[in-house]
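Working through the structure, step by step
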Amino acid sequence: MVHAEEVRKRFSARLRRATANEGWPERGAGARLAKLAGATPKAASKWLNGEAMPRQEKLGVIAKALRVSQQWLQYGEGSMAAGVAEELEPWGDDVAPGPANHGSIPIISYVQAGEFCEAEDPFEPGMADEWLSFRPPGAGPRTYALRVDGESNFPRIRSGEIVIVDPDRTPDSGKFVVAKRHSDAKVTLKMIQYNEGEPFLKPGNPDWPEPIIKIDGDWSVCGVVIGKYDPM
């Protein structure tokens with residue numbers, strides 16, 4: 001498992017390599033990065049020193065200015081040069097290529113999930129202490145993982161398991177979702193169902209005493225569970 005500190009360190013090494021390839025002197029690189037990305041020199045210095053990573057929109061600007069692939073700059077995947085596809089070994093007639101790996105997924109807390117509920121950007125590597133070193137096929141760019149606390153959805157989802165959540169999936173009836181109540185910032189994992197078009201949250205555990213919750217203006221759905229992580 002790659003932790004946040006190592007992710008930032010690797011990103012910093014790629015960023016320094018990209019600036020060096022463009023002929024940027026090491027001294028003053030932070031100020032130059034800050035200017036082109038619309039950030040503070042302190043923030044840019046943290047990017048270069050492996051203490052933080054820029055947000056998605058800034059990553060795109062930086063990658064374009066340095067003439068490198070954003071996928072390479074952010075994840076270390078594919079070719080470094082922008083617009084150049086990674087060369088792959090040919091596949092045999094009886095072997096299909098595996099799904100592309102689009103980076104790691106942060107494992108976050110319920111509190112962080114609530115804070116992220118209204119966010120538009122993907123989770124930044126510095127915002128999580130644990131990471132899954134893969135991303136399932138079809139997972140959106142803002143996908144995160146959550147360690148389950150409690151048995152309200154037993155036996156389908158057990159306490160301590162890690163579920164993978166995509167904030168950009170449609171919360172269809174019967175799906176497990178992460179939802180936040182804004183009045184007290186409570187975040188919960190429940191099954192969503194619709195009754196005459198009205199959404200409700202209910203425990204997956206049929207014996208759970210907690211009542212069914214009607215989703216009104218005080219609630220937001222923060223993502224749909226698309227799978228569980230099983231390290232077997």
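Observations concerning the sheet that holds strand E9 (residues 219-229)
The strand order across the open sheet built from nine strands is E2-E1-E3-E4-E9-E5-E6-E7-E8, with neighbouring strands paired in mixed fashion. If you trace the sheet from one side to the other, it starts and ends with strand E2 (130-132) and strand E8 (213-214), each paired once. Taken together, the five bridges between strand E6 (residues 186-195) and strand E7 (residues 198-202) define a ladder with antiparallel strand orientation. Within the sheet, the bridge partner assigned to isoleucine 192 lies in E7 and is leucine 201.

Observations regarding the confidence of the model for the protein chain
Considering every residue of the protein chain, the mean pLDDT works out to 80; 83% of them sit at 70 or more. Mean pLDDT in the protein chain bottoms out at helix H6 (residues 110-116), which sits at 77, and peaks at E7, which reaches 94. Long-range and interchain partners of residues 83-102, a stretch whose pLDDT sits below 50, account for 18 contacts in this model, where long-range means more than four residues apart.

Observations concerning the pattern of salt bridges
The full count for this structure, using the stated rule, is eight salt bridges. The salt bridge partner of glutamate 22 is arginine 67, with a shortest N-O separation of 3.1 Å. In this pair, glutamate 22 is assigned in the loop between helix H1 (4-21) and helix H2 (29-37) and arginine 67 in the loop between helix H4 (56-65) and helix H5 (70-75), connecting sequence segments 45 residues apart. Given the relative accessible area of 58%, arginine 67 is considered exposed. In this structure, glutamate 161 engages lysine 228 in a salt bridge whose closest nitrogen and oxygen atoms are separated by 3.2 Å. Of the two residues, glutamate 161 sits in the loop between strand E3 (144-147) and strand E4 (162-166) while lysine 228 sits in strand E9, which places them 67 residues apart along the sequence. On the basis of relative accessible area, glutamate 161 is assigned to the partly exposed category, the value being 24%. A residue is classified by how much of its surface remains accessible, and lysine 228, at 36% relative accessible area, is partly exposed. Beyond isolated ion pairs, a larger network of salt bridges with shared partners links Lys186, Lys190 and Glu210.

Calculation notes
Residues numbered from 1 in each chain as written. Predicted model: local features only at pLDDT ≥ 70, side-chain atom pairs only at ≥ 80, totals over all residues. Heavy atoms only, no water. Pairing = 2+ DSSP bridges. Helix = DSSP H or I, 4+ residues; strand = E, 2+ residues; numbered from the N terminus. pLDDT = per-residue confidence, 0-100. Contact = heavy atoms within 4.5 Å. Salt bridge = Lys/Arg side-chain N within 4 Å of Asp/Glu carboxyl O. Buried < 20%, exposed > 50% of the residue type's maximum accessible area, 1.4 Å probe, protein only.

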